[in-house]
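# Overview (structure and organization)
Here's the letter readout for the chains.
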Amino acid sequence: MNPMLESLRRSELFSDLDDSLLERLLPACQETRFSAGEFLFQQGAMRTAVFVIASGHVEIIRAPDAGGERLAILDEGDSAGEAALLGSAPHTASARALDAVSAVRIDREAVRACLASDGAAALDVVGRVASVMSQRLQYASTSAVGREKSYGSGATRVEHDLLGDREVPADALYGIQTLRAVENFPISGVHLSHFPTLVRALAMVKQGAARANARLGLLPPPVAGAIDRACQELVDGKWHGHFVVDMVQGGAGTSTNMNANEVIANRALELLGKRRGDYAECHPNNHVNLAQSTNDVYPTALRIATMLSVRKLISALEKLRSALAAKGEEFSGVLKMGRTQLQDAVPMTLGQEFTAFAVTTAEDIARLRETARLFLEINMGGTAIGTGINADPRYPELVVDELRQLTGLDVTLAENLVEATPDTGAFVTFSGTLKRIAVKLSKMCNDLRLLSSGPRCGLSEINLPPRQPGSSIMPGKVNPVIPEVVNQVAFQVIGNDLTITLAAEAGQLQLNVMEPILAFNTFQSIDILTAAVLTLTSRCIVGITANAQRCRDMVEHSIGIVTAVVPALGYDKTSEVARIALDTGRPVRDIILEKGYLSEAELDSILSPEAMTRPRPLTP
């Protein structure tokens, strides 16, 4: 049997095509191998081929040169770059081998040559590719009418719950309770899939629970294994488009939990060789949700997702701190005026100003790491209100142990699960830290806008890199658009903090039902802060230049330098010099020399950049 033919048969992309057509494609196929770290294709390169994975694992990653955002992990039977068969546009992401990978490379031009004489066969291949991509887009839509826009087949299956029967889309991994939630909560238009880290965290919680229940002998091994594998696929980035519930929802997160339960159950059923919706062998509640409640699953997933998400923010802040520190060194010799209350104060260096920015950013990183650790305490095993009803007494420690291994986080079981179940204090503290970061970033951006104001009639001490024309009517105008957008992000984060505070306060008795809005605002704050910091660093800070002569001219013409001679002349004489300088516009230096208060050599020493920008011993 031809191994390439077998790989094509196992691929979703070609599984519905008959063998005779697949055999006609074989001349366009080539066995290829990639070592770990090697790219199958890179973002921006033109699409020339499709890759069907025969063995190994491939990550799809966006912007790998900038640290990258992992979108998914592909394994046996998955395909990458399939849009090459529809057109030759550039790749929008990169594919990189995570380990030794064997793949079938299907060349675009060779496929055209193979099928050039058979329009029907060509249409079958293109139609299959388009169908697969359409189905993916159908569940990637963030619109409430995503299914209608994608022209789904309309096929349904019937599911039953407490309220009766409903028809669910046949190709949906979610089920009836998710469908009801979609109808009930058309609120923000932001679905769970908008925050992939949350979907992965939910999958990890369900995976840990399945493994703990398997260790206790409460789940049949085949069912536990199928749930485990389905969860791992979600962790690897697959099926996220089926998480369609709005982030803002009633029910304290029950709809989120059931969306996860149904997706995992239906995918597990497929792995067991069963049909979606045939819940006898793997049920969303009886198996996937065994020994769990929304009230321990949802807050635990939120905490894990926050811990995983904050890594990106910390990484972004580290890059910002490094860029600011580099500018501090670059500008260390640029003398300028320091200002208080927007008035001339005393001289400093531009390097000192940027170094201060770097130091304050480092402080924010430290505070962020400290407060994020509050999320390591979880309430798994508490079930409904912390009493542990319907869970084996051995289960809490086992599930926490599994989660440590799955997440790589040092999670611990809360000392008192009844107290921990409604407690959202960690989110209040953490959000306060995000607000602190936002406030300080906004202040920094205010400074950058002031320092770059002009270019002719403002301070103009620094130049921000020009990013776009600044006006539809004023030629030549360039605005500080990057600091401006960071300011606006800061305002949103500050507003989110108030929402989180109110949501935490609104908790009553044994549960806080406002956690969905708390989660929505927390993840939005993390995501937009991360994006803003990365944008500020790459599109502003690293490109800043200094107007050194402009800075020096303002120092030399400023009255503020008079403060440097106070130790030598005393406050009264210095005030007299300052008044004369203000009245006449003459330089401070000329007035002091004219009055004979100091010699030129003494004045040069006192007004040297080194003397004016750092402490020096005072002599009586």
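Report on the accompanying structure. (Residues numbered from 1 in each chain as written. Predicted model: local features only at pLDDT ≥ 70, side-chain atom pairs only at ≥ 80, totals over all residues. Heavy atoms only, no water.)

## Thoughts on the overall build of the protein
Condition: Strands are runs of DSSP state E lasting at least 2 residues, helices are runs of H or I lasting at least 4, and numbering of each runs from the N terminus. We call a residue buried when its accessible area falls under 20% of the maximum for its residue type, exposed when it is over 50%, and partly exposed in between, using a 1.4 Å probe and counting protein chains only. Here, two residues are considered to be in contact whenever any of their heavy atoms come within 4.5 Å of each other. Accessible surface is estimated by sampling points in the Shrake-Rupley manner with a 1.4 Å probe; for residues, cover comes only from the protein chains shown. Counted charges follow a simple rule, with Lys and Arg positive, Asp and Glu negative, and His plus the chain ends left uncounted. Here the site of a charge means NZ on Lys, CZ on Arg, CG on Asp, or CD on Glu.
When you go through the protein residue by residue, the secondary structure sums to 23 helices and 16 strands. Going through the 620 residues of the protein one by one, you find that 51% of them count as buried. Partitioning the intrachain contacts of the protein with sequence separation of at least 6 by distance along the chain shows that 73% fall at a separation of at least 24. As presented, the protein carries roughly 28000 Å² of accessible surface, and 54% of it is formed by carbon and sulfur atoms. Charge separation in the protein, taken as the distance between the mean sites of 59 positive and 71 negative side-chain charges, equals 4 Å.

## Notes on the packing of helix α7 (residues 196–215) against helix α11 (residues 294–330)
Here is the rule we go by: In this analysis an axis means a line fitted to C-alpha atoms, helices contributing only their contacting stretch, and an angle means the value between N-to-C directions, from 0 to 180 degrees. To sort the angles, those under 35 degrees are grouped as roughly parallel, those over 145 as roughly antiparallel, those from 65 to 115 as roughly perpendicular, and the leftovers as oblique. Rotating anticlockwise by less than a right angle from the far helix to the near helix defines a left-handed crossing, while the corresponding clockwise rotation defines a right-handed one.
One can describe the packing of α7 onto α11 by two numbers: an axis separation of 8 Å at closest approach and a directional angle of 125 degrees. Taken together, the axis directions place α7 and α11 in an arrangement best described as oblique. Crossing handedness for the pair α7 and α11: right-handed. Mapping the contact onto sequence places T197, L198, A201, L202, M204, V205 and K206 in α7 and V297, T300, A301, L302, I304, A305, L308 and S309 in α11.

## Points about the side chain of S94
Put simply, the test is: We define a polar contact as two N or O atoms separated by no more than 3.5 Å, with the added condition that, inside protein, one atom must be a possible hydrogen donor and the other a possible acceptor, whereas residues neighbouring each other in sequence contribute only through side-chain atom pairs.
Looking at where S94 falls in the secondary structure, it is placed in strand β7 (residues 94–97). Among the residues examined, S94 registers a relative accessible area of 1% and is labelled buried. A polar contact is formed between the side chain of S94 and the backbone nitrogen of Q43, at a distance of 2.7 Å.

## Side note on the packing of aromatic side chains
For the record, the criterion: Between 30 and 60 degrees the pair is tilted, below 30 it is stacked and above 60 it is edge-to-face, where a pair is any two Phe, Tyr or Trp rings, Trp via its six-membered ring, whose centres lie within 6.5 Å.
If you walk through the whole model with that rule in mind, you get eight aromatic pairs. On the numbers, 5.8 Å between centres and 40 degrees between planes, the contact of F195 with F523 is tilted. A residue pair is termed long-range when its members are at least 10 positions apart, and F195 in the loop between α6 (176–184) and α7 and F523 in helix α17 (residues 515–539) qualify at 328 residues. The class of F195 is buried, set by a relative accessible area of 5%. Ring pairs connect the aromatic residues F34, F41 and F51, which therefore count as one cluster.

## Quick look at the packing of α7 against helix α8 (residues 221–235)
Angle between the axes and distance between the axes: these two values describe a pair of packed helices. So the rule is basically this: Under the convention adopted here, Pro, Cys and the residues Ala, Val, Leu, Ile, Met, Phe, Trp and Tyr are nonpolar, Asp, Glu, Lys and Arg are charged, and Gly plus all remaining residues are polar.
Running from amino to carboxyl end, α7 crosses α8 at an angle of 160 degrees, the nearest separation of the two axes being 8 Å. By the angle between their axes, α7 is roughly antiparallel relative to α8. As α7 runs across α8, the sense of the crossing is left-handed. Contacts between α7 and α8 involve V199, R200, A203, M204, K206, Q207, A210, R211 and A214 on the former and, on the latter, A224, I227, D228, C231, Q232, L234 and V235. Of the residues belonging to the contact of α7 with α8, the class tally is ten nonpolar, two polar and four charged.

## Here's the deal with helix α1 (residues 3–10)
Here is the rule: By definition, the arc is the one covered by directions from the helix axis to the C-beta atoms.
When we look at burial in α1, the residues that qualify are M4, L5, S7 and L8. When α1 is viewed along its axis, its buried side chains cluster within an angular range of 160 degrees and face the same direction. Each element contacted by the buried residues of α1 is listed here: α2 (19–25), β1 (29–34), β3 (49–55) and β8 (101–107). Sitting at the amino-terminal end of α1 is N2, which places a side-chain oxygen 2.8 Å from the backbone nitrogen of M4.

## A closer look at the nonpolar core
What counts, and what does not: Only buried residues count toward a nonpolar core. Its members are Ala, Val, Leu, Ile, Met, Phe, Trp, Tyr and Cys residues joined through side-chain atoms within 4.5 Å.
Counting residues in hydrophobic clusters, the biggest one holds 116 residues, and the most contacted among them are L198, I227, L448 and L536. Element by element, the count of residues in this core is highest for α11, at 16 residues. Once residues lying within four places of it in the same chain are set aside, the contact partners of L536 are L320, L441, C445, L448, I482, V486 and I541. The next biggest cluster of nonpolar side chains, apart from the first, holds 24 residues, and it includes L22, L25, A121 and V132.

## A look at a negative patch on the surface
How we decide: Patch members must show over 30% relative accessible area and no salt bridge, and they are joined within 9 Å when carrying like charges or within 5 Å when they are nonpolar side chains of Val, Leu, Ile, Met, Phe, Trp or Tyr. Any carboxyl oxygen of Asp or Glu within 4 Å of a side-chain nitrogen of Lys or Arg constitutes a salt bridge here.
Residues E377, E415, E419 and D423 make up a contiguous surface patch of negative charge. Position of D423 among the secondary structure elements: in the loop between α14 (417–420) and α15 (425–451).

## Structural notes on the sheet that holds strand β5 (residues 69–74)
Stated formally: Here, strands pair whenever DSSP counts at least two bridges between them.
The antiparallel open sheet is built from four strands, whose spatial order is β2-β7-β4-β5. Of all the strands in the sheet, the pair left with one neighbour each is β2 (39–41) and β5. Sheet twist, expressed as the mean angle between neighbouring strand axes with direction ignored, is 30 degrees. In this structure, β2 lies alongside β7, joined through two bridges in antiparallel fashion. Within β7, the position partnered with F39 by the bridge is R96.

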